[in-house]
Amino acid sequence: MPSKKQSTPFIYKRFSAFLFSVVPLIGITVYLYGIRPLILLLIAVVIAVLSDLLVALMRKRSYNGQDMSSIMFTVIFVLLLPATVRYSIVLCGSILTVFIKHAFGDYTGCILHPSAFGFMASAICWPTEIFRYPQPFTNIGLKFDESIQLFESASQTIKAGGIPGNIDKVDFLLGNHPGPIGASYSLVILAILVFLIACKVTTWHTPFMYLLAIVVFAFCFPRLEISRLYSVLYEVLSDTLIFGAVYIAAEPVTSPVNPKAKLIYGVLLGLTAMLFGRYGIYQMGVVFAVVVINPISPYLDRKFPPKTGGTR
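Residues numbered from 1 in each chain as written. Predicted model: local features only at pLDDT ≥ 70, side-chain atom pairs only at ≥ 80, totals over all residues. Heavy atoms only, no water.

Undergrad: In this structure, what is going on with the overall build of the protein? I would like to understand it.
TA: Check the secondary structure of the protein and you find 16 helices and zero strands. Against the 2.2 N^0.38 benchmark of 20 Å for 312 residues, the protein shows a C-alpha radius of gyration of 19 Å, consistent with a compact globule. Taken over the C-alpha atoms alone, the protein extends approximately 50 × 45 × 30 Å along its principal axes. Out of the 312 residues in the protein, the part that is buried amounts to 54%. If you take every contact in the protein between residues at least 6 apart in sequence, the share linking residues at least 24 apart comes to 75%. Carbon and sulfur atoms make up 68% of the accessible area of the protein, which amounts to about 13600 Å² in all. Within the protein, the 14 negative side-chain charges are centred at a point lying 14 Å from the centre of the 24 positive side-chain charges. (Helix = DSSP H or I, 4+ residues; strand = E, 2+ residues; numbered from the N terminus. Rg over C-alpha atoms; globule rule 2.2 N^0.38 Å. Buried < 20%, exposed > 50% of the residue type's maximum accessible area, 1.4 Å probe, protein only. Contact = heavy atoms within 4.5 Å. Areas by Shrake-Rupley, 256 points an atom, 1.4 Å probe, with all protein chains shown as cover. Lys, Arg positive; Asp, Glu negative; His and termini not counted. Charge placed at Lys NZ, Arg CZ, Asp CG, Glu CD.)

Undergrad: Explain helix 6 (residues 114-125) to me, please; I cannot follow it from the model alone.
TA: With 12 residues, helix 6 should cover 16 Å at 1.5 Å per step; its first-to-last C-alpha distance of 17 Å lies within 8% of that length. Burial runs high along helix 6: 10 of the 12 residues are buried. Those residues of helix 6 that fall on the buried side of the exposure criterion are Pro114, Ser115, Ala116, Phe117, Gly118, Phe119, Met120, Ala121, Ser122 and Ala123. Close packing links the buried residues of helix 6 with helix 4 (69-79), helix 5 (87-102), helix 7 (127-130) and helix 15 (285-293). (Expected span 1.5 Å × (residues − 1).)

Undergrad: Mind showing me how you'd approach the environment of Leu81 here?
TA: Counting through the fold element by element, Leu81 comes out in the loop between helix 4 and helix 5. On a C-alpha basis, the gap between Leu81 and Gly182 in space is 8.0 Å, while along the polypeptide they are 101 residues apart. In contact with Leu81, not counting residues within four places along its chain, are Val90, Phe119, Ile130, Pro180 and Ile181.

Undergrad: Just to check I follow, could you spell out the packing of helix 11 (residues 205-220) against helix 12 (residues 228-238) for this structure?
TA: Interaxial distance between helix 11 and helix 12 falls to 9 Å at its minimum, and their mutual angle equals 130 degrees. When the interaxial angle is binned, helix 11 and helix 12 end up oblique. Considering only the axes of helix 11 and helix 12, their crossing is right-handed. Contacts from Ile214, Val215, Ala218, Phe219 and Cys220 in helix 11 reach Arg228, Leu229, Val232, Glu235 and Val236 in helix 12. Considered class by class, the residues forming the contact of helix 11 with helix 12 number eight nonpolar, no polar and two charged. (Axes fitted to C-alpha atoms, helices over the stretch in contact; angles between N-to-C directions. Parallel < 35°, antiparallel > 145°, perpendicular 65-115°, else oblique. Left-handed = near helix turned anticlockwise from the far one by under 90°. Nonpolar A, V, L, I, M, F, W, Y, C, P; charged D, E, K, R; others polar.)

Undergrad: I tried to follow helix 10 (residues 186-198) on my own but got confused; where do I start?
TA: An α-helix turns once per 3.6 residues; consequently, residues spaced three or four apart project the same way. An ideal rise of 1.5 Å per residue puts 18 Å on 13 residues; helix 10 measures up with 18 Å between its terminal C-alpha atoms. At the exit of helix 10 stands Lys200, carrying a positive phi of roughly 60 degrees.

Undergrad: Mind showing me how you'd approach the pattern of salt bridges here?
TA: If the charged atoms of two oppositely charged side chains come close together, the side chains can form a pair. With the rule as written, the count across this model stands at four salt bridges. Between Lys101 and Asp52 there is a salt bridge, and its shortest N-O distance comes to 3.8 Å. Of this pair, Lys101 sits in helix 5 while Asp52 is found in helix 3 (residues 36-58), placing the two residues 49 residues apart along the sequence. Assessed through its relative accessible area of 8%, Asp52 is described here as buried. Between Arg86 and Glu129 there is a salt bridge, and its shortest N-O distance comes to 2.8 Å. Taken together, the positions of Arg86 in the loop between helix 4 and helix 5 and Glu129 in helix 7 put the pair 43 residues apart, joining distant regions of the chain. Residue classification places Arg86 among the partly exposed residues on the basis of a relative accessible area of 35%. For Glu129, a relative accessible area of 25% corresponds to the partly exposed category. (Salt bridge = Lys/Arg side-chain N within 4 Å of Asp/Glu carboxyl O.)

Next comes the structure, spelled out in structure tokens:
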């Protein structure tokens, strides 16, 4: 939960900053896949606003136009999907994403990352559509053409024991391979993380320890029969782990407040994400891991209080 010393306008500012930071990712995905991903995102935004209006009406409260959290959560949800996903899945997943937030009262009381929960539910319901992706620069069109060839992600290839040798390392960094519409652009996402930290929108504690735990785990337990360093490189860049560092691990409401708690939270989340990725049925272990680790965030804050007063 947010610190009591955090003002509501400050939290609104953070959500706005996170929302602004996805603009480069949206630009890249439109370049790679055309206008359809933008339509998917617009659907999610409309659903977020309408859902907030409906909840405000049901609770007989005024609609808070400053609260951008529902928009942010639904945008993150869509960025985890393939460009070919059906509109109905975006509709259902976006509604679930917003309503799980309101199930806890409002965003300040939410103990589960709404985007992760919405994606997890969608993945369980429609796994064959959620985890298959078109090649970049495929002409998808507004109405999905079933003749378009879909591929498994590089992370699934690694999980099956193969090496995604047809993908250049530079393409891994740039996201030029089949994957989610906004979560594969590792180099750009890392730059966004540096920008958010420099602007004091987030701190380094949780993302750094989360990524460090992932790298150490991948180095100690390599899955590929190549050098350990290349095995780590392939494993970290082939999944949505770096995206998870910015938009899931460092999310300002469901993550801990206190610095020591953030460090431990990051380690736990990184290790749990790797275990889900290795032994779970589904890909994107970070999405499932955060649903498991989120509820202990308040406990970590109580267990590791700051020596002096502080905020996130």
